Amino acid sequence: MIRILIVVAGLIASANATAAKSVTVRSGEHNGFTRLVLKVPEGTNWTMSLLEKGAQLTLDLEKVVFETSSVFSRLSKNRLKAIEQVGPGAPLEMKFDCDCAATAFLFRDTMIVVDIAAKKGLPQANGEVPALEPQYRTNERRVGPTEPSAGFAEPLLRLSQQGVHDQLMSRIVQGSDRSILDLNLAPAGPRASDTAALPRKPLDLPAHIEVSSILDELETLDQMPIQTLKTLPDCISNSELGFETWSDGRPFLQQLADFRASLYQEFDRIEPDTALSLAKLLAFFGFGAEAQQVLKLSDIVSPQAEWTRTVAVIVDVQTLPEPHPFDTMQRCDGDIALWAVLADGRLMPEADLNGVEQSFLRLPDHLRSLLGPRLADIFVGAQKLEAARRVLRGVDRADPVNRPDATLAKAAVATAEGDIAQSEVLLTEVIHDPSAQTEAPLALARLIEKRWVQDGTITKKQLDLVAAYALELRDSEMGPVLARSHTVAQSLRNQFDPAFDQLRKHDKDGAWAGTQDRVLLMLAERADDITFLRHAMNLTPSQAASSTTKTALSLANRFAELGFAAQVRSMTDLGQDKTRKRERARLRARAALLDGQPRLALSELDKDETELGQRVLAQALTDAGNYSAAIDVWRGIGEYDRAARLSWLAGLPVERASASESNFREILKLSQELSAPRLRDASKPLSDAVALLAVSVETRQRVAKLLKLTTKPK
């Protein structure tokens, strides 16, 4: 019996002696390189060889087995393509997916660290590249500084403490040889300054001269406020977020059934891990509200739960609080940058646009269809039109059917590019799409906005449709937007009375200030005189003050045409607004002319060389009685008839003031001919009668010509 036990023990011992040694390979991503770490027994010899687009690590361990199952779970870059071992005891083979190189070093005698990074200037590999020199072995000690290989730029080969010391000492000696450093160092410890060697302040300086140096200014450094640096949160890596693992690839209903079966434990208690996994599954398939409800039921508090809740809010198109868990993470690498862009609703300058697009293309088809139009709108807002088009092409590949939200995003791209015709075609397509729900009223609101910008109009059918949408969705989030669009649409159709009725209902709402400004501009440009005066004369001071400069000057110009000087002055007095000063001065000059104050009008016109300014100046000179100067100004702007009339009134030669083809000159000539006396000979009654008939014919011809010149065509 004892012999049997001895034999069994010997067999077990020999089996243990020949058992394979397992070495786990851990991985991690760093800034600019990928790192692999292998923990080995102390004293293990190892070598690493470089291959073309790869490397090979050999351990001096019998029947060693490398455990690599968890290597790719924490990697987000595509530097390492594959890692494998042919069999127990064989080397560890690494294949790269980039033009990379690998460096290796031994850390604390038990960990081999392999770094993979982009190589710079690495010679072409011919078969197997020799092992890195020096080869780090625990049974060897390196003496002297270690120079890193010239073929690797990042990361550098790590130096030991002795190597750093030796390299530093060699640099100090070089500095001494070049007279940069002085090796005559004073002994350590306190010492007194040699006051005799210090420069002294001259004693013969005048009283008003003071000598100082930069050192005197340094005395106040301790009094300067220290600016605190804002620390940004750490980025969330792809392995931490693990969005691609939120679904295992099976049909949604099968996964949902499994989770629901294991969600509740005994006494109807919810299993937290199962609830979190269920919420992730729901968010992954676009059920954001349901995912949030599951998280509320389980009351889970963890970073994973917060990330899942944020993604659920994003896919459910809800507003995130500020700050949210993905705040300031557009700067990060990986998928978190995409979710941060969608959470913020705008593209930050520090965002990696290419990385965001790549993360979007890795999404499943249903999420690309859901999130693509929203991401395209964000890119359009940031003027990244080509990126928006690429995103929309990705949406088309994921879902060939034209979705209304995708068509709406394409219309936004066309509008940003200035393709007005294509934009209107796409918006009209969304409006008439039966499957469009919220997209149709939004497209109609954007179409009305475009027509207002282009100074166009809308059809009666479109006006009725926006009125129906505004009534139907009055209690929704889009209700105020559609109500304002309806009011603008009424002004585009010249229905100013109902438009102002709507404005009076919301006169205390600041969100309606822009709508009021647009309606007032349409009133000044399109309304008839009676309608304009009925609404413009009843503006409150706050309404006038809240108008933009363009609208206020349009109203003032309309008031000037109708002869209301006081209203012109009130609309041109815009307080601190100093824009369009020349146009406001011209309107004030017109108001002064309306009040019979030409001298005041002349003081307002200061070097206004525009045609309208010269016209106002000529009228002011005419009203002031300065005919000679007014004639020159009228002639300068081509008003020869007025110049000729003023010349006649001033007793000046008409020929000097008017052109040869001037109408007034011809009128003056006809008037002189008609007023010229006719000589009659009473002694020759027959001859006098014939001459009288001829003169009457000429008179009728001149009168007809005079009427033609003086009568304005209707």
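Going by the structure above, here's the rest.
Bear in mind the structure is a predicted one, so any value in this text is a computation, not a measurement.

J.: In this structure, what is going on with the overall build of the protein? I would like to understand it.
T.: For the protein, the helix and strand inventory stands at 31 helices and nine strands. Looking at the protein residue by residue over its 714 residues, the buried ones come to 37%. Taking all contacts inside the protein whose residues are at least 6 apart in sequence as the whole, residues at least 24 apart take part in 54%.

J.: Looking at this model, I keep getting lost on the pairing of strand 2 (residues 33-39). Mind explaining?
T.: In the case of a regular strand, side chains alternate between the two sheet surfaces. In terms of burial, strand 2 is a largely internal element, five of the seven residues being buried. As judged from the six bridges shared by strand 1 (residues 21-30) and strand 2, these two strands associate in the antiparallel manner. By the bridge assignment, Val 25 is partnered in strand 2 with Leu 38. Hairpin connection, strand 1 to strand 2: the antiparallel pair is bridged by two residues, and Gly 32 has positive phi, about 100°. Pairing of strand 2 with strand 9 (residues 111-118) involves six bridges; the strand directions are antiparallel. Bridged to Leu 36 within strand 9 is Val 114.

J.: Would you mind showing me how to read the pairing of strand 1 here?
T.: As defined by bridge partners, strand 1 adjoins strand 5 (residues 64-67) across four bridges and the pair is classed as parallel. Note that in strand 5 the partner of Thr 24 across the bridge is Glu 67.

J.: What exactly am I supposed to notice about the sheet that holds strand 6 (residues 80-85) here?
T.: Across a sheet, paired strands are connected by hydrogen bonds in the backbone, their directions being either parallel or antiparallel. The strand order across the open sheet formed by four strands is 3-4-7-6, and the pairing between neighbours is antiparallel. Edge strands, defined here as strands with exactly one partner in the open sheet, are strand 3 (46-51) and strand 6. Averaged over neighbouring strand pairs, the angle between their axes works out to 15° when direction is ignored. Taken together, the four bridges between strand 4 (residues 54-59) and strand 7 (residues 92-96) define a ladder with antiparallel strand orientation. Counted as the bridge partner of Gln 56 is Glu 93 from strand 7.

J.: What is the right way to read unusual backbone geometry from this model?
T.: With an omega of -10°, the peptide bond between Glu 322 and Pro 323 qualifies as cis. Position of Pro 323 among the secondary structure elements: in the loop between helix 8 (303-315) and helix 9 (336-344). The phi angle at Lys 63 is positive, at roughly 50°, despite the residue not being glycine. Relative to the helices and strands, Lys 63 is located in the loop between strand 4 and strand 5. For Asn 494, which is not glycine, the phi torsion reads 60° and is therefore positive. Residue placement: Asn 494 occurs in the loop between helix 17 (479-492) and helix 18 (496-505).

J.: Got a minute to help me understand helix 13 (residues 404-417) in this structure?
T.: Helical periodicity: at 3.6 residues per turn, an α-helix aligns residues three or four positions apart in one direction. Helix length check: helix 13 (14 residues) gives 20 Å between terminal C-alpha atoms against 20 Å at 1.5 Å per residue, within 8%. Burial runs high along helix 13: 10 of the 14 residues are buried. Of the residues making up helix 13, those classed as buried are Pro 404, Asp 405, Ala 406, Thr 407, Leu 408, Ala 409, Ala 411, Ala 412, Val 413 and Ala 414. Contact partners of the buried residues in helix 13: helix 11 (365-381), helix 12 (385-398), helix 14 (420-431) and helix 15 (439-453). Backbone geometry just after helix 13 places Gly 418 at a positive phi near 85°.

J.: Whenever I open this one, the nonpolar core confuses me. Can you help?
T.: Across soluble globular proteins, nonpolar side chains show a tendency to be buried alongside one another. Membership of the largest hydrophobic core comes to 60 residues, with the highest contact counts inside it found for Phe 243, Phe 326, Trp 339 and Leu 375. Excluding residues within four positions of it along the chain, Phe 326 makes contact with Ile 236, Trp 307, Thr 310, Val 311, Ile 314, Ile 336, Trp 339 and Ala 340. Of all hydrophobic cores here, the second largest spans 50 residues; its members include Leu 427, Leu 444, Tyr 469 and Ala 470.

J.: What am I meant to see in the packing of helix 8 against helix 9 here?
T.: The packing of two helices is summarised by the inter-axis angle and the distance between the axes. The geometry of helix 8 relative to helix 9 is characterised by a closest axis approach of 10 Å and an angle of 55° between their N-to-C directions. Between helix 8 and helix 9, the interaxial angle falls into the category oblique. Considering the relative orientation of helix 8 and helix 9, their crossing is left-handed. Residue-level contacts link Val 311, Ile 314 and Val 315 of helix 8 to Trp 339, Leu 342 and Ala 343 of helix 9. Split by residue class, the contact of helix 8 with helix 9 holds six nonpolar, no polar and no charged.

J.: Just checking my understanding: could you explain the sheet that holds strand 2 for this structure?
T.: If you trace the five strands from one edge of the open sheet to the other, you get 5-1-2-9-8, paired in mixed fashion. Bordering the open sheet on either side are strand 5 and strand 8 (100-107), each of which pairs with just one other strand. On average, each strand axis in the sheet is inclined to that of its neighbour by 25°, with strand direction left out of account.

J.: Looking at this structure, how should I read the side chain of Gln 614?
T.: Counting through the fold element by element, Gln 614 comes out in helix 26 (residues 611-623). You can call Gln 614 buried: its relative accessible area is 18%. Sequence-distant contacts of Gln 614, defined by excluding residues within four places in its chain, comprise Asp 608, Glu 609, Val 633 and Ile 637.

J.: Before we go on, may I ask you to explain the state of the cysteines in this structure?
T.: Such a bond, covalent and formed between the sulfur atoms of two cysteines, is termed a disulfide. One pass over the structure, following the stated rule, counts two disulfides. Between the sulfur atoms of Cys 98 and its disulfide mate Cys 100 the distance is 1.8 Å. Here the S-S torsion is close to -105°, and the disulfide linking Cys 98 with Cys 100 is therefore left-handed. Put simply, Cys 235 and Cys 332 are joined by a disulfide, and their sulfur atoms are 2.0 Å apart. Looking down the S-S bond of the Cys 235 and Cys 332 bridge, the torsion is -80°, so its handedness is left-handed.

J.: What's the story with the packing of helix 15 against helix 17 in this structure? I'm lost.
T.: Relative orientation of the contacting elements helix 15 and helix 17 amounts to 40°, with a least axis distance of 10 Å. When the axis of helix 15 is compared with that of helix 17, the two are oblique. Along this stretch, helix 15 crosses helix 17, giving a crossing that reads as left-handed. Between helix 15 and helix 17, the contacting residues are Pro 441, Ala 445, Ile 448, Arg 451 and Trp 452 on the first element and Leu 482, Ser 485, Val 488, Ala 489 and Leu 492 on the second.

J.: Any chance you could explain the pattern of salt bridges here in plain terms?
T.: Pairing between side chains of opposite charge can happen when their charged atoms approach one another. Considering all chains together, one arrives at 24 salt bridges under this definition. Among the ionic pairs, Arg 35 bridges to Asp 115, the shortest N-O distance being 2.8 Å. Of this pair, Arg 35 sits in strand 2 while Asp 115 is found in strand 9, placing the two residues 80 residues apart along the sequence. On the basis of relative accessible area, Arg 35 is assigned to the partly exposed category, the value being 21%. Using a relative accessible area of 0% as the deciding quantity, one classes Asp 115 as buried. Arg 250 serves as the salt-bridge partner of Asp 248, at 3.0 Å between the closest nitrogen and oxygen. Judged by its relative accessible area of 48%, Asp 248 is partly exposed. When salt bridges with common partners are traced through the structure, they connect Glu 386, Arg 389, Arg 393 and Glu 417 into a single cluster.

Procedures and definitions
- Residues numbered from 1 in each chain as written.
- Predicted model: local features only at pLDDT ≥ 70, side-chain atom pairs only at ≥ 80, totals over all residues.
- Heavy atoms only, no water.
- Helix = DSSP H or I, 4+ residues; strand = E, 2+ residues; numbered from the N terminus.
- Buried < 20%, exposed > 50% of the residue type's maximum accessible area, 1.4 Å probe, protein only.
- Contact = heavy atoms within 4.5 Å.
- Pairing = 2+ DSSP bridges.
- Axes fitted to C-alpha atoms, helices over the stretch in contact; angles between N-to-C directions.
- Expected span 1.5 Å × (residues − 1).
- Core = buried A, V, L, I, M, F, W, Y, C linked by side-chain atoms within 4.5 Å.
- Parallel < 35°, antiparallel > 145°, perpendicular 65-115°, else oblique.
- Left-handed = near helix turned anticlockwise from the far one by under 90°.
- Nonpolar A, V, L, I, M, F, W, Y, C, P; charged D, E, K, R; others polar.
- Disulfide = S-S within 2.5 Å.
- Salt bridge = Lys/Arg side-chain N within 4 Å of Asp/Glu carboxyl O.

What is shown is where atoms sit, not what they do.
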